[in-house]
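# Breakdown of the fold
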Amino acid sequence: MAAQRVDIAAGGSADWSTPVRIDDSTLQASYQGIFMVRLSVDGGESHYLKMRIVGVDEMDNDGEVPSGFGALEFQDADGDYIRGRTDWFRADEKDQGSWTFNSGTGKWDGISGKVPMLLTYMADPLDAVLPPPGEVRFVGFLEGSGEIDVPGLSG
């Protein structure tokens, strides 16, 4: 099957654990997030999925995140899953990266592809600074467009 054009939009929140210092200028923290995702296939319907993400962010002493990665798990209303990976970096004063889709069940069986993504977020509370005394919650919006293969989806 030929690649299908998709538009992705998601909103939700993620929590950082207490960071661990790895050197004088760098910390790392694990995070977990829950998001609602709309995956719109060109020429077809929109699919709504809940997404769970678990990963690790690297941050500087000011709380900026130059890189991060994580595992993605999506579930649709039928109980079918998509699984993948996210990789992040900061460039041109934007948080950007990609979602790589590598497996699925049901209608998502055989999914593959990589979609460039942008992240816009705010700390909640807005005055949260590093190093935090505990967890810090972020609310964010993710968006991207690209091509993926989904053999079980007609578009």
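### Some thoughts on the overall build of the chain
- Scanning the chain from terminus to terminus reveals 0 helices and 9 strands.
- Scanning the chain from its N terminus toward the C terminus, one meets helices and strands in the order β-β-β-β-β-β-β-β-β.
- Radius of gyration (C-alpha) of the chain: 16 Å, near the 15 Å computed for a compact globule of 155 residues.
- Taken along its principal axes, the extent of the C-alpha atoms in the chain is 50 × 30 × 25 Å.
- Of all intrachain contacts in the chain linking residues separated by at least 6 positions in sequence, the fraction that spans at least 24 positions is 54%.
- Summing over all exposed atoms, the chain offers an accessible surface of approximately 8200 Å²; the carbon and sulfur share of this is 50%.

### Brief notes about the pattern of salt bridges
- Per the counting criterion, the structure on display carries 7 salt bridges.
- Asp76 is the partner of Lys107 in a salt bridge, and the nearest nitrogen-oxygen pair spans 2.6 Å. Linking Lys107 in the loop between strand E7 (94-104) and strand E8 (112-124) with Asp76 in strand E5 (residues 67-76), this pair joins segments that are 31 residues apart in sequence. Taken individually, Lys107 and Asp76 each receive the classification buried, so the pair is uniform in this respect.
- A salt bridge links Asp95 to Arg90; the nearest nitrogen and oxygen atoms lie 3.0 Å apart.
- For Asp95, a relative accessible area of 9% corresponds to the buried category.
- Within the structure, one salt-bridge network assembled from shared partners comprises Asp76, Asp78, Asp80 and Lys107.

### A closer look at the confidence of the model for the chain
- Per-residue confidence for the chain gives a mean pLDDT of 89; residues scoring 70 or more make up 90%.
- The element-level mean pLDDT for the chain is lowest in E8, coming to 90, with E5 highest at 97.

### Description of the environment of Glu58
- Within the secondary structure, Glu58 sits in strand E4 (residues 46-60).
- Residues Glu58 and Thr26, spaced 32 residues apart in sequence, show a C-alpha to C-alpha distance of 6.9 Å.
- The residues touching Glu58, leaving out its near neighbours within four places in the chain, are Ile22, Thr26, Leu27, Gln28, Glu64, Val65, Pro66 and Ser67.

### A word on the pairing of strand E6 (residues 81-91)
- Both E5 and E6 contribute to a ladder of 9 bridges, which runs antiparallel. Each residue of the ladder has a partner; that of Ala71, found in E6, is Arg85.
- Between the end of E5 and the start of E6, which pair antiparallel, lie 4 residues, with Gly79 showing a positive phi angle near 90°.
- Relative to E7, E6 runs antiparallel, the two sharing 10 bridges.

### Remarks on the nonpolar core
- Of all hydrophobic cores here, the largest spans 34 residues; its most connected members are Ile8, Met51, Phe74, Trp99 and Phe101.
- Secondary-structure elements contributing two or more residues to this core are strand E1 (4-16), strand E3 (26-41), E4, E5, E6, E7, E8 and strand E9 (136-149).

### Digging into the pairing of E5
- Residues Gly68, Gly70, Leu72, Phe74 and Asp76 of E5 are buried on one face, while the alternating residues Ser67, Phe69, Ala71, Glu73 and Gln75, pointing to the opposite face, are not.
- With antiparallel pairing between neighbouring strands as the criterion, E4 and E5 make up a hairpin whose turn holds 6 residues, including Gly63 at a positive phi of roughly 90°.

### Side note on the packing of aromatic side chains
- Taken as a whole and assessed by the stated rule, the structure comprises 4 aromatic pairs.
- Taking the centre distance of 4.7 Å and the plane angle of 75° together, the rings of Trp16 and Phe138 count as edge-to-face. Highlighted residues: Trp16 in strand E1 and Phe138 in strand E9, separated in sequence by 122 residues.
- A network of ring pairs unites the aromatic residues Trp16, Tyr121 and Phe138 as a single cluster.
- If you follow Arg83 out to its NZ or CZ, it ends over the ring of Tyr81, 4.8 Å from the centre.

Procedures and definitions
- Residues numbered from 1 in each chain as written.
- Predicted model: local features only at pLDDT ≥ 70, side-chain atom pairs only at ≥ 80, totals over all residues.
- Heavy atoms only, no water.
- Helix = DSSP H or I, 4+ residues; strand = E, 2+ residues; numbered from the N terminus.
- Rg over C-alpha atoms; globule rule 2.2 N^0.38 Å.
- Contact = heavy atoms within 4.5 Å.
- Areas by Shrake-Rupley, 256 points an atom, 1.4 Å probe, with all protein chains shown as cover.
- Salt bridge = Lys/Arg side-chain N within 4 Å of Asp/Glu carboxyl O.
- Buried < 20%, exposed > 50% of the residue type's maximum accessible area, 1.4 Å probe, protein only.
- pLDDT = per-residue confidence, 0-100.
- Pairing = 2+ DSSP bridges.
- Core = buried A, V, L, I, M, F, W, Y, C linked by side-chain atoms within 4.5 Å.
- Phe/Tyr/Trp six-rings, centres within 6.5 Å; stacked < 30°, edge-to-face > 60°.
- Lys NZ or Arg CZ within 6 Å of the ring centre and 35° of its normal.

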